[in-house]
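Reading the structure
Chain by chain, the residues:
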Amino acid sequence: LAAPMFAVSCALALRSATQPSARLLARCARCSFSSSTRRSSGSRTAPRLTLRGALGIRGKVQGKLHQVRNEGVLGAGEDAGFIACGGADPQAPGQLQGLGVADGVGGWGPGVSRCWSEGIMQKLFTNSRHLAAPEPPLNATPSSNRPVAVPSEAGAQALHHNAQDIISLVACPRGSTTVCFGLFDGLTGLLYTSNLGDSQFLVVGKTGKKKYLSKVMEHYFNCPHQWPEDRKFQCVTVTLEEGDSVVFGTDGVWDNVYVDDVVAYLHAADSEETAVQSIVQQAVNVIVQQRKDAPWQGGKPDDITVVVARVYSRDAAAEQQGSNPVKSD
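Residues numbered from 1 in each chain as written. Predicted model: local features only at pLDDT ≥ 70, side-chain atom pairs only at ≥ 80, totals over all residues. Heavy atoms only, no water.

Some details on the pairing of strand β7 (residues 79–84)
We apply this condition: Only protein chains enter the calculation, and the probe is 1.4 Å; a residue is then buried if its accessible area is under 20% of its type maximum, exposed if over 50%, and partly exposed in between. Comment: elements are numbered from the N terminus, with helices defined as DSSP H or I runs of at least four residues and strands as E runs of at least two. Pairing between strands is defined by DSSP: at least two bridges between the two strands are required.
Burial within β7 is extensive, with 6 of its 6 residues counted as buried. Sheet topology note: the strand β6 (residues 71–76)/β7 ladder contains 6 bridges and is antiparallel. Note on β7: the bridge partner recorded for G72 is I83. Connecting β6 to the antiparallel partner β7 that follows it, the hairpin turn spans 2 residues, and G77 within it adopts a positive phi of roughly 60°.

Thoughts on the sheet that holds strand β4 (residues 49–58)
To keep things clear, this is the line we draw: The axes used here are C-alpha line fits, helices contributing only the stretch in contact, and every angle between their N-to-C directions lies in the interval 0 to 180 degrees. Whether two residues touch is decided by their heavy atoms; if any such pair falls within 4.5 Å, the residues are in contact.
Read across the open sheet, the 6 strands follow the order β5-β4-β18-β17-β12-β13; overall the sheet is antiparallel. With partners counted over all chains shown, the strands left at the sheet margins are β5 (65–69) and β13 (210–213), one partner each. Adjacent strand axes in the sheet meet at a mean angle of 15°, parallel and antiparallel pairs treated alike. Bridge count for strand β12 (residues 200–204) against strand β17 (residues 245–249) is 5 bridges, and the pairing is antiparallel. Across the sheet, residue V203 finds its bridge partner in β17, namely V246. Sitting on the sheet, helix α5 (residues 272–289) touches β4, β5 and β18 (304–313), and the angle it makes with β18 is about 155°.

Remarks on the packing of aromatic side chains
Heads up, the rule is: Two aromatic rings from Phe, Tyr or Trp, using only the six-membered ring of Trp, form a pair when their centres are within 6.5 Å; if the ring planes differ by under 30 degrees the pair is stacked, by over 60 it is edge-to-face, and anything between is tilted. Only lysine NZ and arginine CZ atoms are considered, and such an atom sits over a ring when it is within 6 Å of the ring centre and within 35 degrees of the ring normal.
Counted by the stated rule, this structure contains 4 aromatic pairs. When the centroid spacing of 5.2 Å and the interplanar angle of 20° are considered together, the rings of F201 and F248 count as stacked. Of this pair, F201 sits in strand β12 while F248 sits in strand β17; the two residues are 47 residues apart in sequence, bridging distant segments of the chain. A relative accessible area of 2% means that F201 is categorised as buried. For F248, a relative accessible area of 0% gives the class buried. Residues F221 and W296 carry aromatic rings whose centres are separated by 5.6 Å and whose planes lie at 20° to one another, so their mutual orientation is stacked. Here W296 lies in the loop between α5 and β18 and F221 lies in the loop between β14 (218–220) and β15 (223–224), a separation of 75 residues in the sequence. Since its relative accessible area comes to 25%, W296 is described here as partly exposed. Clustering of aromatic rings is evident, with ring pairs tying together F201, Y212 and F248. Residue placement shows K300 over the ring face of W296; its charged tip is 4.7 Å from the ring centre.

With respect to helix α4 (residues 259–268)
Here is the rule we go by: The directions considered for the arc are those from the helix axis to the C-beta atoms.
Among all positions of α4, only V259, V262, V263 and L266 are buried. Looking straight down α4, one finds its buried side chains confined to an arc of 100°; they lie on one side. Exposed side chains of α4 directed beyond 90 degrees from the buried face belong to D260 and A268. Against the buried residues of α4 lie β12, β13, β17, α3 (251–254), α5 and β18.

Below, the structure written as structure tokens:
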């Protein structure tokens, strides 16, 4: 890695995961947050960076890749994902862009955990754009001088409010899910991430160099941490620069495709959609051919969900607005 990997647990506690009135308590690093600490975005200037990307999903049984660009929520099998990087004014001052994946735990029975995975992704998609971005620190250093990844403190405020909405509004009778998502502030170039389980996200520089890979959270092999049974998220703030790429994927990606191969597909692709197609197709090839040269020897049949996004300057992104923002294959 280009920089040391840091992780910090956000202890999330509530009376009941199924009670809509439950209050979420969050404590990240040395900072605790409540609604009264949320800062106004009125003094912020227009952001300089924006994300553009694509979400792709292929169910283990369905066998067809479905994609959306910039805006949407997709679910297949036990998996779900969201991307909120479009809209009429996706990066007005103070607004955040969001992207993430969730993998419902299949041990509960077919389709049981989809309520959690897709419900959480839908709430993140709906709420991420309404969250106020944290004010940048007064003594903030240029992005080129920052560590790639540090434990989240101020950035965890936005994650806390989003998690509070999710916990209070998503209620399922049974099941559980992994959750991995990020909220991007185009003014500061900071990606505020939260991860629970064995879904992961990857950051790759514009030259094709791996910059950061999140950690897997497991109780033991093939038994990931999962919401709502587990309530400790890894919260990491990652610095992104123009030309960087980010990939969020469920374990159907990482169990079947080596990280170095994902990096290579990103570097070779002429668009985010092409990168999604290449990553998903490689996972399918490994599964169908029962490849021995894979992270999971012989391939692991699973749902496959991946989000690929690149960081653009706002001017460059504006030139792409003429294209159709949503498509399905």
